[in-house]
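# Structure at a glance
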There are 2 protein chains.
Amino acid sequence: MGESSAAPVLRKSDDDIANGADSGGPSQRQTGGDILESNVDVLIIGAGPAGLMAAAWMAHCGIKTRIVDKRNTKIFSGQADGLQCRSLEIFDSLGFADRAWKEANHMIENPGQDGVIRRSDRIPDTIVGLSRFQQIVLHQGRIERFFLDNIKKFSKDTIQVERGVLPTSLVIDETKVETNDGYPVTVSLQHLTEEDSTPKQQVSGSKVPDGLFRSNLAQDDEADLLSERKPGSGNVEIVHAKYVLGCDGARSWTRKQLGFELEGEATDFIWGVMDIIPITDFPDIRMRCAIHSADNGSLMVIPRENKLVRLYIQLKEVTPDASGRADRSKITPDMIFRASRKILHPYKLDYEYCDWWTAYQIGQRVGNDFSSHNRVFLAGDAVHTHSPKAGQGMNVSMQDTFNLGWKVALVAKGIAKRTILSTYETERRQVAQDLIEFDHRFSRLFSGRPAKDVMDAEGVSMEVFKDAFLKGNLFASGLSVNYGASDLVIKKESDELLAKGLPVGMRFNSFKVLNQADGRPWHFQERLRADGRFRVVLFAGNVLNPVQKERVRRFCTDLDGSGSFLRKATPPGAPIDSVIEILTIHASKRIETELLKDFPEILHPFDEHIGWDYDKVFVDDESYHEGFGDAYRNYGVDKERGCVVVVRPDQYVAWVGRLEDFTGIQAYFEACLELGGIYM
Amino acid sequence: MGESSAAPVLRKSDDDIANGADSGGPSQRQTGGDILESNVDVLIIGAGPAGLMAAAWMAHCGIKTRIVDKRNTKIFSGQADGLQCRSLEIFDSLGFADRAWKEANHMIENPGQDGVIRRSDRIPDTIVGLSRFQQIVLHQGRIERFFLDNIKKFSKDTIQVERGVLPTSLVIDETKVETNDGYPVTVSLQHLTEEDSTPKQQVSGSKVPDGLFRSNLAQDDEADLLSERKPGSGNVEIVHAKYVLGCDGARSWTRKQLGFELEGEATDFIWGVMDIIPITDFPDIRMRCAIHSADNGSLMVIPRENKLVRLYIQLKEVTPDASGRADRSKITPDMIFRASRKILHPYKLDYEYCDWWTAYQIGQRVGNDFSSHNRVFLAGDAVHTHSPKAGQGMNVSMQDTFNLGWKVALVAKGIAKRTILSTYETERRQVAQDLIEFDHRFSRLFSGRPAKDVMDAEGVSMEVFKDAFLKGNLFASGLSVNYGASDLVIKKESDELLAKGLPVGMRFNSFKVLNQADGRPWHFQERLRADGRFRVVLFAGNVLNPVQKERVRRFCTDLDGSGSFLRKATPPGAPIDSVIEILTIHASKRIETELLKDFPEILHPFDEHIGWDYDKVFVDDESYHEGFGDAYRNYGVDKERGCVVVVRPDQYVAWVGRLEDFTGIQAYFEACLELGGIYM
């Protein structure tokens, strides 16, 4: 396992590849043959949302990274489009949620529908109060654009997607996988010409972008891409990497190299998808809604940006053959549209403009392994596939690499221990299994025929459907994820009572607090930027109470001591907040406290070039213009005594303890960080 | 008047210039000599905030425009930096308030300070509830960047600032000024070389950007720019324009060509300005505050983005000479910094990083004329100068051209009557006069010595100062502007009672309403985009009441009639909302009403290509996630009977009337628009 299962395709320097690279050598060199070799910390294969999220982490953490994709262009229309609350929180931590929020269509309300197309109920699309964001819809092309801009900015142009590049072999040197030096993974890359890497997309002269070539009804095209290559076109190169992230989709090349499998079943349900500007008298066309017709199948309406509406349409006329595959050639926009008209009858439906269309076969599968030696990882559709209707695919895929990226980055930098890498699989496998279970239940309800009456056991009761829809909303928000115990997540019931609104293993929820120095209100989550730093949130309680003030002073003295995790984690000469940032939220009145007088200096560190730091101490107090966040009450923290919370770089709550439990927090960081370790 | 007072500097084609251009001729041609001639609808001279705002309107309205500036680069640091609420509302209507809001420092609170530096009070910096924005601080260079990006996007790259271009003569052909055809204004432009147009900025090897060369302590440099020009470098061209906007600053070249003057006095007060990262134990360094020392003068603290703080420092050591001018050579960063240390004593002040510095002499002046023949206009510092401390200059300058730009654009397009152009001077002169009066009072209070006691009549009482500070905040927000009656603003007291929260002449305030079709909450002002369209806001009241429904129906029948202002204003073949957009806010429950059933089609027009318009009907109802805007109550409109409000393209309330008063609204548009006129 871990050895490439593909025959090597390189001709001149197979020996060089098999020998691996000198880890200390120059980062780019010619071998004895004509083939370029180079070293890189992280190689990302695939530049869809999962790959781009990984690249964003590397850009924010300053990791030497390459990202390649076999296609020669990004996505411009269609594909995935739903953005859940948690994805927007993540985008905000990277710095571009505002761009998505501004351009997207906002999902506010949806009416359930029954067999004769009566509106059966109206419900808010996002559970009220769950997040500071609500779910929105925006097509994948725009989201990829935001990522590309963000990666460019934070990597200072050093990380750019290399398109038209196809990996052809992958070899892991098992003797090197457990050391921190060296580049144990070797990948050969084939640079395709422009023509080779352009997908054969449009059929029968149609001008409408057709997504079938990316659908699960299409066949693999790696072999085609290689065999159709003109003689002499393109170049081969060899890359030696510390880590390789396979974000290359449902038919992942990386997964095949590792010999891993997806496990699960396809169903007989085939669905079509169309993005159109509808001309219709159906009254709820601008709301997400599900329509179950009595005999003609189901349809889902997803209103989108720029007057577009996405329709998911059950295609009852198409069925899989004996091998379980449906015949892709039968599926046309016209056929999908006719099916949607039947379902919507007696309402009228027409369109002049279609932006994109595709079709897919529903199936749920999860990978048997998520990584090889914690050196090559699979993420996104490469380890879980399911139907797109619940709007989960892109979100869960991005959240996979949002979980993985900072771990790889911190280990590559020598800040974190290699052992934390195994939490990727334990944490994300559970999410993937929950996802396909959710999707399985949801798809069955959705593709099934409505029940005629309570005695109709084969049909789907609208009550059951509505209930699933509501429960699904919480799951679909991405906010119900609760990572299990590990070196990174310390679950101790007694301590968790100190902050009942901050369950360990779940994302740090956001409420508004004020900056002590200038009074500006901030959603606290806005201060938890995705920059690779852990954070210690000191709920300092009532600092005007002398007893509490003394507790805060003692905690800070320990924090400031030469043996503390904070001092030991900080590289020599670096600012004290380089690896771990201390943020304070206190509960006294803002105007009765002074930053420089009432708070130990370690909470607002002094820098000889720029003075004191005015952006680290916050207060749970009323704002002038934006109300009262009531953060202590919402986080369930005692306003007098406070508590201490460790937050991971991905905003998940990692540890909760009393101010006196310095040993506990010290132990947390000693288990996961290389304190006094190597810094690169 | 109106003839150029400068000697012509062109050598080859003086005759061509004097003859003016053929209005119907080609838009670009060579004359008998070597000089290029061309026609343009609007020529903007000066690419500071006033000029860029004007160019933004032209870009949004699709007007053929050129904008030139004598400098060869935009601003990168320093200069003006305060952005008031109204400016942010305007940026939002153009589409980039979010960029400013995200990057800026937010002004939340400021403590008044007294002679011995005790905190005398804390007050919110922006009056609570005044606007959906609060004032922020961000340097002029970023704001110019947002404008440049916005102009590029909306003009599809056709409007770009041409830098290093100096106008050398301006001639108005008075025989053509009142016709709608032809290009009555002729301007010669000198293209400078890179070297010629680079300001002589940095003195004595300092690396800190010095703004003195743009200060009012510097001399004019037009003559230098021309005389230092190397022989043969650069080219001359001639531009024939319909309209010329002089946005070329306090020493406006355009103003001088017109022979106009600024009227007013300079004072003896000299102030220095520094943008530094302060290292200080002064506790309120991250809040806007004013410090009056007993004997060492005054200082103002303006916290900014990126840890910077701007200090305005009174320079008591520098005084003007007999001619009223201060000696610029005496003023150095070191001298300014020493002055600020004295004022802040006993608090310590240091810095390592200085971003920019300058100095200026306080004076208040207003132009005697704002336009010549309503063909050449002056805006911004070209018609009013004052001290920068109140953060008004950039705001009022931008608001000048936000008032002027759409009027020129709509007249140039043949949509509006030429008569509306005279409202520019009547509306903005009042604002300029209010501004210098405010500044005069504020500067005297600020530069004066604090009163020793109540008997000290020469000193400034801290009570009076605080009172002025508070009142100033309302003025400084830009939201107290109330334009006088004209063809564009119809003030009839009886009708104004129909919408007490929407005073005619003031900007349309913003409250949240929901989109009827999808339930999304919008700040209503977000729907009043700066696209050059007038808007009719139909407060439809309770549409479920049959009597009211009938009133709405009748209003819509009139609106839809062939003689209505709406039909007559719309060019043949254009969408019905091209010139005037009808927006509806009703007061029934959203879920009890249906867009297609309960509202006449003219309120959500049908288009054969894209169906009904889902973005024109709103409701005053509670949202799921963002509370209740309570718009009818806040606008002071009766929830049963409603009313009709006309809003100008710049968001000012223009007319208020009953639904039955169709004659009134028809008369409004007949007075200001060319109904059934020329469309270009």
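In what follows, the accompanying structure is described. Keep in mind the model is a prediction, meaning the values are calculated, not measured. (Residues numbered from 1 in each chain as written. Chains lettered and ligands numbered in written order. Predicted model: local features only at pLDDT ≥ 70, side-chain atom pairs only at ≥ 80, totals over all residues. Heavy atoms only, no water.)

### Things to note about the sheet that holds strand β20 (residues 384-385) of chain B
Residue and element names in this part refer to chain B. Strand order in the open sheet made by the six strands is β14-β15-β16-β13-β17-β20, with antiparallel pairing throughout. Either end of the sheet is taken by a strand with one partner, and the two such strands are β14 (289-292) and β20. Both strand β13 (residues 262-280) and strand β17 (residues 349-367) contribute to a ladder of 15 bridges, which runs antiparallel. Residue pairing for β17: glutamate 263 is matched across the bridge by valine 366. (Pairing = 2+ DSSP bridges. Helix = DSSP H or I, 4+ residues; strand = E, 2+ residues; numbered from the N terminus.)

### A closer look at helix α17 (residues 662-672) of chain A
All of the buried residues along α17 of chain A are Phe662, Gly664, Ile665, Gln666, Tyr668, Phe669 and Cys672 of chain A. On its buried face, α17 of chain A is in contact with β23 (534-541), α13 (546-560), α14 (565-569), β24 (580-586), β28 (643-647) and β29 (653-657) of chain A. (Buried < 20%, exposed > 50% of the residue type's maximum accessible area, 1.4 Å probe, protein only. Contact = heavy atoms within 4.5 Å.)

### Notes on the packing of helix α3 (residues 85-94) of chain A against helix α9 (residues 393-412) of chain A
Residues and elements named next belong to chain A. As a packed pair, α3 and α9 sit with axes 10 Å apart at the nearest point and diverge in direction by 45°. Comparing their axes, α9 and α3 come out oblique. Where α3 crosses over α9, the two elements pack in a sense that is left-handed. Where α3 approaches α9, its residues Arg86, Ser87, Ile90, Phe91 and Ser93 are matched on the opposing element by Asn395, Met398, Gln399 and Phe402. Looking at the contact of α3 with α9 residue by residue, the classes come out as four nonpolar, four polar and one charged. (Axes fitted to C-alpha atoms, helices over the stretch in contact; angles between N-to-C directions. Parallel < 35°, antiparallel > 145°, perpendicular 65-115°, else oblique. Left-handed = near helix turned anticlockwise from the far one by under 90°. Nonpolar A, V, L, I, M, F, W, Y, C, P; charged D, E, K, R; others polar.)

### As for the nonpolar core
Residue and element names in this part refer to chain A. Counting residues in hydrophobic clusters, the biggest one holds 191 residues, and the most contacted among them are Phe91, Phe147, Phe508, Phe534, Phe539, Ile580 and Leu673. Ranked by residues supplied to this core, first place goes to α9 with 11 residues. For phenylalanine 539, the residues in contact, after removing those within four places along its chain, are Leu502, Phe508, Ile585, Tyr632, Tyr635, Val637, Arg641, Gly642, Cys643, Val645 and Leu659. (Core = buried A, V, L, I, M, F, W, Y, C linked by side-chain atoms within 4.5 Å.)

### Topic: the packing of aromatic side chains
Counted by the stated rule, this structure contains 52 aromatic pairs over all chains. Ring geometry for phenylalanine 337 of chain A against tyrosine 351 of chain A: centres 4.7 Å apart, planes inclined by 80°, an arrangement best described as edge-to-face. A residue pair is termed long-range when its members are at least 10 positions apart, and phenylalanine 337 of chain A in helix α8 (residues 333-344) and tyrosine 351 of chain A in strand β17 (residues 349-367) qualify at 14 residues. Positioned above the aromatic ring of tryptophan 522 of chain B is the side chain of arginine 520 of chain B, whose terminal nitrogen or guanidinium carbon lies 4.2 Å from the ring centre. A cation over an aromatic ring shows up here: arginine 527 of chain B above the ring of tryptophan 522 of chain B, its NZ or CZ 4.4 Å from the ring centre. (Phe/Tyr/Trp six-rings, centres within 6.5 Å; stacked < 30°, edge-to-face > 60°. Lys NZ or Arg CZ within 6 Å of the ring centre and 35° of its normal.)

### Re the pairing of β23 of chain A
Residue and element names in this part refer to chain A. Most of β23 sits inside the fold, with eight of its eight residues counted as buried. The alternating pattern of β23 places Phe534, Val536, Leu538 and Ala540 and Arg535, Val537, Phe539 and Gly541 on opposite faces, both of which are buried. Bridge count for β23 against β24 is seven bridges, and the pairing is parallel. The residue of β24 that forms the bridge with glycine 541 is histidine 586. With five bridges joining them, β23 and β28 adopt antiparallel strand pairing. For arginine 535, the partnering residue across the bridge sits in β28 and is valine 647.

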